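Topology and contacts: notes
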Amino acid sequence: MLMKSSTQSLTEQLSARFAERIRNRLLAPGARLPSVRQCAQQHGVSPSTVVAAYDQLLAQGLVEARKNRGFFVRENGRGAAGAPLGDAQPEGLIEDAAVDRMAARWSTAHWFAARAAGRVPGVSPVNATALIRGMFHKISDKPQPGMGVFPPSWLESTFMPAAVRKVTHSRHLQEFSLQYGEPLGDAHLRRVLAKKLSTLNVHTSPEHIITTVGATHALDIVSRTLLRPGDPVMVEEPGWAVEFARLAALGMHILPVPRKPDGPDLEVMARYCEVHKPKLYVSVSVFHNPTGYCLTPGSAHRVLQLANQHNFHVVEDDTYSHIAPEHATRLTALDGLQRTIYVSGFAKILAPNWRIGFMAVPPLLIEPLLDTKLLATLTTPALLEKALALCIEQGQLRRHAERIRTRLDAARSRSVKLALQAGCTFAAEPTGLFGWVETGVDTDALAQRMLDEGYLLAPGALFHAERKPSTLMRINFATTQEAAFWQTFQQVVAAMK
């Protein structure tokens, strides 16, 4: 019988039970594992726990998943009995297969959490694709504390569909649909963006703005243009897990810079500059992820002095600009886009699936960065860019962002109160979208146990370049307002202690 009071999570117990039976040949090669629903009923657990356990068995190479059929014990490392994927379903298993297919939509998120928590034997934690997939796959109907986005209900609007309709009814629709867009991006949007940036004291011209398929794409373009495998890159720590993984996948030498309340640890940066001669520094100056810290003017000036002295570029990721004060200190505003590159996007605040981002860059970097963009995507979708330009120009995006900020302020107040009542403390002052929370327990283990309860957490170890145990976790204030989550959290933490 599986035990909630065990030192292992339900997922680990179930996975270990099947693994032992397979290794002892109690389950023969080619044998079909129970369907997700059958297994959940047999062991008194949720279907999501079964999916996570089966994912662990997949990672160990003990089973394989066959399309529309279920999970089978592997035979000498090959597909069971050599059967091809997509064979007809055995009679009587149609309903179970439907449940398996439904559960498979949760599978990646569970795999992400299990792998990120270091709970999959023989598999290294934190994989870029596993993390990204986990971010966008729903594991239950409960609000997810570890997610990095606003709830869809917060982003609903009428002005975005109206803008798309207006653009598509234009007499120019056929003209711009039947040819590639402008290499730099839609000219109207770039003019609007240049005007919008001026309100942040980032002064540039439309000719120095390049649109991208989201802010992450802009960061990737910069990396592929300015760096070569092995080049040293300074990245804030704790920091965005996907950025660590993305740079590592490109073969870069990551130099983690501790992030302090006023900015990066300048002594560490100075040592890196002397010893490693870094080519790039990646920073989230405003509402830093995961701490919520904002850069101070004094720290910003010193960073720019180091950049000039040691000849490296600075990429400022201003993803959270829409919910941040306009007067917040930004490196690009102080530098005037000399050594700095400004990156932002609209997925967080407006429409995640529109995938519109942009960068404002120094004049000398326009051509090389544009070349990299064209080699990767040719151009970007003009239709959505034109619709976004309307949303910004007519003030609808600004009013939408104001509503989000008001709602977030209220959510943050509730979440902080509940977190404190649950025995947590905050390692950084609660601001912006995220809270950096001290739990008092190993959050890798906590994440796995909370997964059994249907909650996806973001353990602190995810936000470090090299994995290390942590008692911190990042919470999303928009998705941690419900007492039910914190009650479950308290019960799990008490059991762990």
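Provided above is the structure to which this section pertains.
Residues numbered from 1 in each chain as written. Predicted model: local features only at pLDDT ≥ 70, side-chain atom pairs only at ≥ 80, totals over all residues. Heavy atoms only, no water.

Ordered by their spatial adjacency, eight strands build an open sheet running β3-β10-β9-β8-β7-β4-β5-β6, and the pairing between neighbours is mixed. This sheet does not close on itself; its edge strands, each paired only once, are β3 (209-212) and β6 (263-264). In the sheet, strand β4 (residues 232-237) pairs with strand β5 (residues 253-260) via six bridges, with the strands oriented parallel. Bridging across to β5, Pro 232 finds its partner in His 253. With respect to the sheet, helix α11 (residues 241-249) is in contact with β4, β5 and β7 (280-283), its orientation differing from that of β4 by roughly 165°. (Pairing = 2+ DSSP bridges. Helix = DSSP H or I, 4+ residues; strand = E, 2+ residues; numbered from the N terminus. Contact = heavy atoms within 4.5 Å. Axes fitted to C-alpha atoms, helices over the stretch in contact; angles between N-to-C directions.)

Right, let's get into the nonpolar core. Grouped together as the largest cluster of nonpolar side chains are 69 residues, with contacts concentrated most on Phe 150, Ile 323, Phe 346, Leu 350, Leu 446, Trp 486 and Phe 489. Counting residues per element, this core draws most heavily on helix α17 (residues 396-421), at eight residues. Those residues within four positions of Phe 489 in sequence are excluded, and the remaining contacts are Ala 422, Cys 424, Thr 439, Leu 446, Met 450 and Met 473. Phe 244, Leu 247, Leu 369 and Leu 370 belong to the second-largest nonpolar core, a separate cluster that totals 26 residues. (Core = buried A, V, L, I, M, F, W, Y, C linked by side-chain atoms within 4.5 Å. Buried < 20%, exposed > 50% of the residue type's maximum accessible area, 1.4 Å probe, protein only.)

Next up on the list: helix α19 (residues 483-496). Here α19 is 14 residues long and its end C-alpha atoms lie 20 Å apart, about the 20 Å a rise of 1.5 Å per residue gives. On its buried face, α19 is in contact with α17, α18 (443-452) and β14 (472-476). (Expected span 1.5 Å × (residues − 1).)

It is worth spelling out the pairing of strand β1 (residues 63-66) at this point. Pairing of β1 with strand β2 (residues 70-73) involves four bridges; the strand directions are antiparallel. Of the residues in β2, the one forming a bridge with Glu 64 is Phe 72. The hairpin turn running from β1 into β2, its antiparallel successor, is three residues long, and Asn 68 in that turn takes a positive phi close to 65°.

Before going further, it helps to spend a moment on the side chain of Lys 373. Residue position: Lys 373 is located in helix α15 (residues 366-377). Here Lys 373 occupies a buried position and makes no salt bridge, while the nearest side chain of opposite charge, Glu 385, is found at 5.4 Å. (Lys, Arg positive; Asp, Glu negative; His and termini not counted. Salt bridge = Lys/Arg side-chain N within 4 Å of Asp/Glu carboxyl O.)

The side-chain alternation of β7 yields two buried faces, one formed by Leu 280 and Val 282 and the other by Tyr 281 and Ser 283. In terms of strand pairing, β4 meets β7 through three bridges, oriented parallel. In the sheet register, Met 234 faces β7, and the bridge partner there is Tyr 281. Looking at chain direction, β7 and strand β8 (residues 313-317) are connected through four bridges and run parallel. Residue pairing for β8: Leu 280 is matched across the bridge by His 313. Read from β7 through helix α13 (residues 297-310) to β8, the crossover connection turns out right-handed. (Right-handed = clockwise from strand over helix to strand, strands pointing away.)

Angle between the axes and distance between the axes are the two parameters that describe a pair of packed helices. It is the contact of helix α10 (residues 215-226) with α11, at a shortest axis distance of 11 Å, that shows an interaxial angle of 30°. In terms of orientation, α10 lies roughly parallel with respect to α11. Where α10 crosses over α11, the handedness of that crossing is right-handed. On α11, the residues that touch Leu 219, Asp 220 and Ser 223 of α10 are Glu 243, Arg 246 and Leu 247. The class makeup of the residues in the contact of α10 with α11 is two nonpolar, one polar and three charged. (Parallel < 35°, antiparallel > 145°, perpendicular 65-115°, else oblique. Left-handed = near helix turned anticlockwise from the far one by under 90°. Nonpolar A, V, L, I, M, F, W, Y, C, P; charged D, E, K, R; others polar.)

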